[in-house]
Amino acid sequence: MKIKDWLAFGSLGLIWGSSFLWIKIAVGEIGPFLLVTLRLLFGILSLLVVAAIYRPQWPQQPSIWMGLTLLGLTNNALPYLLISWGEQYVDSAVAAILNSTSPLFTMVLAHLLLSDERITRSRLVALLVGFLGIVILMGRDAEGALSGGQGWTVSVLVGQAAVLLAAISYAFSSVYARRVTQEVAPILRALIPLLGADLIMWSITPPIEAPLRLPRYALTWMAVLWLGVMGVGVAYLLYFYLLHSVGPTRTILVTYVFPLVGVLLGVIFLREHLDWNLGIGGGLMVGSIVVVN
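Brief notes about the overall build of the chain
Part 1 of the argument: When helices and strands are counted, the chain shows twelve helices and zero strands.
Part 2 of the argument: Mapped in sequence order, the helices and strands of the chain form the string α-α-α-α-α-α-α-α-α-α-α-α.
Part 3 of the argument: Burial analysis of the chain (293 residues in total) assigns 51% to the buried set.
Part 4 of the argument: Summed over all atoms, the accessible surface of the chain reaches about 14,000 Å², with 70% contributed by carbon and sulfur.

Below is the structure:
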């Protein structure tokens, strides 16, 4: 890869890897529904600026709009919401590691839904190793149950399950996207799903989190802006640039960066606990993803 490709790759890894830290900060003041709604809004505004500059050809077929709206639900609204809700109960470092399992779930779904993506013997071994890592990581809270912290542990385990469901939603989206985005300009592949996702979120957020209270603290607004402008707008531009410049195989390697960035930032800035479950479980999952790719 060229120097500018490495810069784009590193920037994308830092932006997406740090998102778990900013989510943890934001849900400390506002609810997950409002956070996702505002995050999508700022992401849309940033991408609209880019679309106004490049003026791509918007699709005319209603079926494409419907397909991309569904993609926005499964690839944006739902996983963003599940991760934000889950991080009310789990460390940002744990969320970053669990979210990195998306390629493993993608492998399973692609095997079931696509004729040209079959699970090989080596990929099956990688899948089993990856899920062993999940068990070890989630086992750190089972120890809390044995020591009498049943209520707290149940909440944490449910939070971890929410983040894993987000990874499954991302996996489904990556398989589904192959069927609905082939004839759409790259910038619109990101923008149209965001429009549909945010429309859904604005329809359900007010009644669920009524009365809505906007953030009062500057740090919370910084988190929301970062997640929207950088984590959605700039990140998608970098992502599609890399897809065009170095191809999808090298681009997906950015998944390896998420756990490292997420764990380091969580330990340094949020003083999250670094134990053997986190290290070994995370290592097994990242290693399995390396084998898969």
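Description of the packing of aromatic side chains
The geometry of two aromatic rings is summed up by the distance between their centres and the angle between their planes.
Part 1 of the argument: A complete count under the given rule lists seven aromatic pairs for this structure.
Part 2 of the argument: Note on W58 and W65: the rings are 5.9 Å apart at their centroids and 10° apart in plane angle, and the pair reads as stacked.
Part 3 of the argument: You can call W58 partly exposed: its relative accessible area is 30%.
Part 4 of the argument: Of the aromatic side chains, those joined through ring pairs into one cluster are W16, Y236 and Y239.
Part 5 of the argument: When the ring centre of Y80 is taken as origin, the NZ or CZ atom of R39, which lies over that ring, is 3.9 Å away.

Describing the pattern of salt bridges
Part 1 of the argument: In the structure shown here, the tally under the stated rule is one salt bridge.
Part 2 of the argument: The partner of R216 in a salt bridge is E29, and the shortest N-O contact between them spans 3.9 Å. One end of the pair, R216, is in the loop between α8 (186–208) and α9 (218–245); the other, E29, is in the loop between α1 (3–26) and α2 (32–54), and 187 residues separate them in sequence.

Looking at helix α5 (residues 102–113)
Part 1 of the argument: With twelve residues, α5 extends 16 Å between its outermost C-alpha atoms, agreeing within 8% with the 16 Å of an ideal straight helix rising 1.5 Å per residue.
Part 2 of the argument: The set of residues buried in α5 consists of S102, P103, L104, F105, T106, M107 and A110.

Topic: the nonpolar core
Part 1 of the argument: L35, L40 and Y80 are the most contacted members of the largest nonpolar core, which has 61 residues in total.
Part 2 of the argument: Among the secondary structure elements, those contributing two or more residues to this core are α1, α2, α3 (62–86), α4 (92–99), α7 (150–180), α8 and α9.
Part 3 of the argument: The element best represented in this core is α2, accounting for eleven residues.
Part 4 of the argument: Among residues more than four places away in sequence, those in contact with L35 are I23, A26, V27, I30, S84, V224 and L227.

Here's the deal with unusual backbone geometry
Most peptide bonds are trans, and most residues other than glycine sit at a negative phi.
Part 1 of the argument: Note that the residue after A210, namely P211, is joined by a cis bond; omega there is -10°.
Part 2 of the argument: When you line up the elements, P211 lands in the loop between α8 and α9.
Part 3 of the argument: For R55, which is not a glycine, the phi torsion comes out positive at approximately 50°.
Part 4 of the argument: The topology assignment puts R55 in the loop between α2 and α3.
Part 5 of the argument: Here R55 falls in the exposed class, since its relative accessible area comes to 72%.
Part 6 of the argument: With a phi angle near 55°, R271 is a residue other than glycine that sits in the positive phi range.
Part 7 of the argument: You can call R271 exposed: its relative accessible area is 77%.

Remarks on the packing of α3 against α8
Part 1 of the argument: Here α3 crosses α8 at 70°, and the two axes come no closer than 7 Å. Considering the angle they form, α3 stands roughly perpendicular to α8. For the pair α3 and α8, the sense of crossing is right-handed. Contacts from W65, L68, T69, L71, G72, L73, N76 and A77 in α3 reach I192, P193, L194, G196, A197, I200 and M201 in α8.
Part 2 of the argument: Classifying every residue of the contact of α3 with α8 gives eleven nonpolar, four polar and no charged.

Regarding the side chain of N99
Part 1 of the argument: Relative to the helices and strands, N99 resides in helix α4.
Part 2 of the argument: N99 sits in the buried class, given a relative accessible area of 8%.
Part 3 of the argument: The contact partners of N99, leaving out residues within four places of it in the chain, are F20, I83, V163, A167, Y170 and F258.

Here's the deal with the confidence of the model for the chain
Part 1 of the argument: Of all residues in the chain, 88% attain a pLDDT of 70 or more, and the chain-wide mean is 84.
Part 2 of the argument: Looking across the chain, the model is least confident in helix α10 (residues 248–251), with a mean pLDDT of 65, and most confident in α2, with 95.
Part 3 of the argument: Of the regions scoring below 50 in pLDDT, residues 145–151 engages in three contacts with residues more than four places distant in sequence or in other chains.

About the thresholds
- Residues numbered from 1 in each chain as written.
- Predicted model: local features only at pLDDT ≥ 70, side-chain atom pairs only at ≥ 80, totals over all residues.
- Heavy atoms only, no water.
- Helix = DSSP H or I, 4+ residues; strand = E, 2+ residues; numbered from the N terminus.
- Buried < 20%, exposed > 50% of the residue type's maximum accessible area, 1.4 Å probe, protein only.
- Areas by Shrake-Rupley, 256 points an atom, 1.4 Å probe, with all protein chains shown as cover.
- Phe/Tyr/Trp six-rings, centres within 6.5 Å; stacked < 30°, edge-to-face > 60°.
- Lys NZ or Arg CZ within 6 Å of the ring centre and 35° of its normal.
- Salt bridge = Lys/Arg side-chain N within 4 Å of Asp/Glu carboxyl O.
- Expected span 1.5 Å × (residues − 1).
- Core = buried A, V, L, I, M, F, W, Y, C linked by side-chain atoms within 4.5 Å.
- Contact = heavy atoms within 4.5 Å.
- Axes fitted to C-alpha atoms, helices over the stretch in contact; angles between N-to-C directions.
- Parallel < 35°, antiparallel > 145°, perpendicular 65-115°, else oblique.
- Left-handed = near helix turned anticlockwise from the far one by under 90°.
- Nonpolar A, V, L, I, M, F, W, Y, C, P; charged D, E, K, R; others polar.
- pLDDT = per-residue confidence, 0-100.

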